[in-house]
Amino acid sequence: MDVTEILKNLNESQEQAVTSDNQHLLVLAGAGSGKTRVLVHRIAWKVQVENISPFGILAVTFTNKAAGEMRDRIETLLAQSLRGMWVGTFHGLAHRLLKMHWNDAKLPENFQILDSDDQLRLIKRVTKSLDLDDQKWPPRQSQWWINSQKDEGLRPDNIREDKDPYLSVMVKIYRSYEELCNRLGVIDFAELLLRALELWKNCPSVLAHYQNRFKHILIDEFQDTNSVQYQWLKTLSSSFSDVTAVGDDDQSIYGWRGAKVENILSFERDFKETKVVKLEQNYRSTSNILNAANAVIKRNADRLGKNLWTDLGEGEPIFLYSAFNENDEARYIVENLKSWIDQGNNRQDAAVLYRSNAQSRVIESALLQFDIPYRVYGGQRFFERLEIKNALAYMRLILNCHDDVAFERVVNIPPRGIGERTVDAVREHARNISISMWSAAKAMIVDKNLNTRSANALAAFLNLINEMSNTLEALPLSELAENSIEMSGLIEMHRREKGERGQSRVENLEELVGACKNFTPESIDTPVLAQFLDQVSLEAGERQANEDQDAVQLMTLHSAKGLEFPLVIMAGMEENLFPHKMSQNEPGRLEEERRLAYVGITRAMQKLYFTCAETRNLYGTDHFNPVSRFVRDVPKEFMKEVRLKNTVIRPTSFSTNSRISDSGDLTGFELGQRVGHHVYGEGVILNFEGNGPRARVHVSFEQVGTKILILASANLQSL
Ligand code: ATP
Ligand code: MG
């Protein structure tokens, strides 16, 4: 393989960045200008031309998906495997370090990662044990506060309380929570990073080892690093290492999670001899799309500023569709996806992006009706679903019966007669003599500290876990999983549950066994079950079932960062939804929402749709939101508003349960029927909504446009 291959398809500035022999490099450029491409090619350049061993390279990306793609791309470019290279997210890399140096990091060997649900439960427990009123000290708020402190690198001892009564309570909660985590041998997400940083600070020999190893560090999406991550990077890099960071200040969208866009500015100061490269040509989007993005982001005040251009031509206008309600919006989205697919395009080249997870449900159900396969990234996390978490808890106990979080979670699921009081007693005993709940339960049974019924029930649970653990060595992973859902009675419990919900839980559990079948372990030294559980904790949400199937992609705007799709639909472009209503009174948050809009628009390569709804039922209530300011910021010349004709083109198969299907017979009117109204004149019925006295009808009137009327009082005349 020769050098020209690596430099092929790079413009001059990109080539400069790829081949730069400055010690440090900062690529600061707008969306779609090839930052990630530069990173990939620079790694290839180092390996191929500078003869650097992949073993000495550390690459950091924002998601596990991006990490996988990066490795693939470099391997393809070099036609060789890069096993020694570390590529991952900050969290993934930190986890890997802690696994290797658990002793120096003062962790038990088989420490477990807490997801945010489990974390919240522990904080609730702490709040209770400190005798604090959880109305006054909401655990969710404490959770957020503790995580923010960790993101800043602060331990309870580093926080100056200054006699502030609020702070002193928070610090107390933080301290007790920390003690509890240490006792249980569990660590939350923010802790992964902080612990890894402290490992280096406290163990110079470990740090020296990695400084010697990773002399080449490269980071993508640098604008979204937080304080701990930045310190981690600074600590790892030594006088003889080189660091490449690429980012875009306009795409900083994780301020709410502690990310510091200022790190871009600090970089030049902290890393001497940094060469700064700017890239200005966008290779991703048509000029209509790029111009729209530029028009939106232009309104932010604090920007480093840049000019992006494209030579991909104008392309199609951006389509704007104002639906009557969220169902009509979903219908429009799905129809357009369908025609995209019917034209021979891949489903996975189309993405629907939304601000809040809850928006996906309606779109999902429309996709299901039309039989369009789809995949949801983030949010509706498979591995965070209740039934899956229960099954995983059993698997954790098989691996390590002293895992208290798992123990507490499933000791009485399915119900086996172990009451709250018994669990409290076991927990209390465990705490008093500093042993695990498992050991405490065992001791209490032997010592006859429990009434016979509870003791029997508890003993049966312990036997069950013992029985399952006996097969740990003998059985393949998928059979271990099968055992945990069968022998525990979990699957039977959901089979007996009525309706679709139980059905979907059973399917999910079955899918878990499928996931185990497809799992490829990375090492031969650790039990496969342990590796699987670790991967699950790290990747929760990023992995979906049916990896190989061609499917339309659904995700939040946040999780779309760094990705690109020929067709993008941004749904729910309404005030209060996007920008999110929480952000509207804070200028900083509003700017972040605007950057999120910029991220969304710049994901699109050829076709972009904005959709919104005049009325929207979300979280159980109706909202009437005006169209988003981000849509209004796009000059008309780049956009085309799609209007429904005065005829109804709704396919008959699209009849969601409560709405249209029964409306005809019950109301005496039909879709598409011409009607008269005593004030608005003549019009056409476009939609029905709801049942009973609150049933509403959408009528497109010739004189006054579309109105939504209460059917019972509208007094419509058939014409
Ligand atoms: P984002 O800010 O969204 O992360 P980015 O700056 O990382 O974007 P890339 O994803 O690296 O941009 O590149 C955007 C698209 O442009 C990709 O499809 C990439 O392959 C293509 N591209 C980048 N540079 C060139 C080039 N010189 N010639 C042809 N295509 C290019
Ligand atoms: Mg990128």
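We now turn to the structure provided with this report. (Residues numbered from 1 in each chain as written. Chains lettered and ligands numbered in written order. Predicted model: local features only at pLDDT ≥ 70, side-chain atom pairs only at ≥ 80, totals over all residues. Heavy atoms only, no water.)

### Overview of the site of ligand 1
Taken together, 19 residues lie around ligand 1, and Lys-35, Arg-37, Gln-251, Glu-564 and Arg-603 are the ones closest in. The side chain of Gln-14 places a nitrogen or oxygen atom 2.8 Å from a nitrogen atom of ligand 1. Within the complex, the protein chains bury 85% of what would otherwise be the 640 Å² of accessible surface of ligand 1. For the shell around ligand 1, the element with the most residues is helix H3 (residues 35–48), which contributes 3 residues. Grouping the constituent residues of the shell around ligand 1 by class yields 3 nonpolar, 10 polar and 6 charged. The two domains that each donate at least three residues to the shell around ligand 1 are domain 1 (3–102 + 193–281) and domain 3 (318–378 + 548–649). (Near = heavy atom within 4 Å. Polar contact = N/O pair within 3.5 Å; in protein donor to acceptor, adjacent residues only side chain to side chain. Areas by Shrake-Rupley, 256 points an atom, 1.4 Å probe, with all protein chains shown as cover. Helix = DSSP H or I, 4+ residues; strand = E, 2+ residues; numbered from the N terminus. Nonpolar A, V, L, I, M, F, W, Y, C, P; charged D, E, K, R; others polar. Domains from an automatic or database assignment.)

### Considerations on the sheet that holds strand S14 (residues 604–613)
In space, the 7 strands of this open sheet follow the order S11-S12-S10-S13-S14-S9-S17, with parallel pairing throughout. Looking at the sheet topology across the chains shown, the edges are occupied by strand S11 (374–377) and strand S17 (639–642). Neighbour-to-neighbour, the strand axes of this sheet turn through a mean angle of 20°, independent of strand direction. In this structure, strand S13 (residues 565–570) lies alongside S14, joined through 5 bridges in parallel fashion. Bridging across to S14, Val-568 finds its partner in Leu-608. (Pairing = 2+ DSSP bridges. Axes fitted to C-alpha atoms, helices over the stretch in contact; angles between N-to-C directions.)

### Comments concerning the pattern of salt bridges
Tallying each qualifying case throughout the model produces 44 salt bridges. The partner of Glu-335 in a salt bridge is Arg-331, with the nearest N and O atoms 3.0 Å apart. In this pair, Glu-335 and Arg-331 both sit in helix H14 (residues 326–342), 4 residues apart, roughly one turn of the helix. What makes Glu-335 partly exposed here is its relative accessible area of 23%. Taking relative accessible area as the criterion, Arg-331 reaches 2% and is therefore assigned buried. The salt bridge involving Glu-492 is made with Arg-495; its shortest N-O contact spans 3.7 Å. Taken together, the positions of Glu-492 and Arg-495, both in helix H22 (residues 490–496) and 3 residues apart, correspond to about one turn of that helix. Classification of Arg-495 by relative accessible area gives partly exposed; the value is 43%. (Salt bridge = Lys/Arg side-chain N within 4 Å of Asp/Glu carboxyl O. Buried < 20%, exposed > 50% of the residue type's maximum accessible area, 1.4 Å probe, protein only.)

### Some remarks on the sheet that holds strand S18 (residues 674–677)
Taken together, 5 strands build an open sheet; the order of strands is S21-S20-S19-S18-S22 and the sheet is antiparallel. Sheet topology places strand S21 (705–710) and strand S22 (717–718) at the edges, where each strand pairs with a single neighbour.

### A word on unusual backbone geometry
Note: most peptide bonds trans; most residues except glycine with negative phi. Cis geometry marks the peptide bond from Ile-413 to Pro-414; its omega dihedral reads -10°. Tracing the backbone through its elements, the reader meets Pro-414 in the loop between helix H17 (404–410) and helix H18 (420–432). Along the chain, Phe-578 connects to Pro-579 via a cis peptide bond; the corresponding omega equals 5°. Inspection of the secondary structure puts Pro-579 in the loop between S13 and helix H25 (587–601). Non-glycine residue Asp-131 carries a positive phi angle of around 60°. Classification of Asp-131 as exposed rests on a relative accessible area of 72%. With a phi close to 55°, Glu-221 is a non-glycine residue in the positive phi region.

### Remarks on the packing of helix H5 (residues 90–100) against helix H9 (residues 189–202)
As a packed pair, H5 and H9 sit with axes 9 Å apart at the nearest point and diverge in direction by 55°. Considering their axes alone, H5 and H9 lie oblique with respect to each other. Helix-helix and strand crossings are classified by hand; for H5 and H9 the assignment is left-handed. Residues Phe-90, His-91, Ala-94, His-95, Leu-97 and Leu-98 of H5 lie in contact with H9, whose contacting residues are Phe-189, Leu-192, Leu-193, Arg-195, Ala-196, Leu-199 and Trp-200. Taken together, the residues of the contact of H5 with H9 sort by class into 10 nonpolar, 2 polar and 1 charged. (Parallel < 35°, antiparallel > 145°, perpendicular 65-115°, else oblique. Left-handed = near helix turned anticlockwise from the far one by under 90°. Contact = heavy atoms within 4.5 Å.)

### Quick word on the packing of H14 against helix H15 (residues 360–369)
One way to put it is that H14 packs onto H15 with a least axis distance of 9 Å and a crossing angle of 50°. Our classification of the angle between H14 and H15 gives oblique. For the element pair H14 and H15, the recorded crossing hand is right-handed. Only Val-362, Ile-363, Ala-366 and Leu-367 of H15 make contact with H14, whose side of the interface consists of Glu-326, Asn-327, Ala-330, Ile-333, Val-334 and Leu-337. For the contact of H14 with H15, a count of residues per class yields 8 nonpolar, 1 polar and 1 charged.

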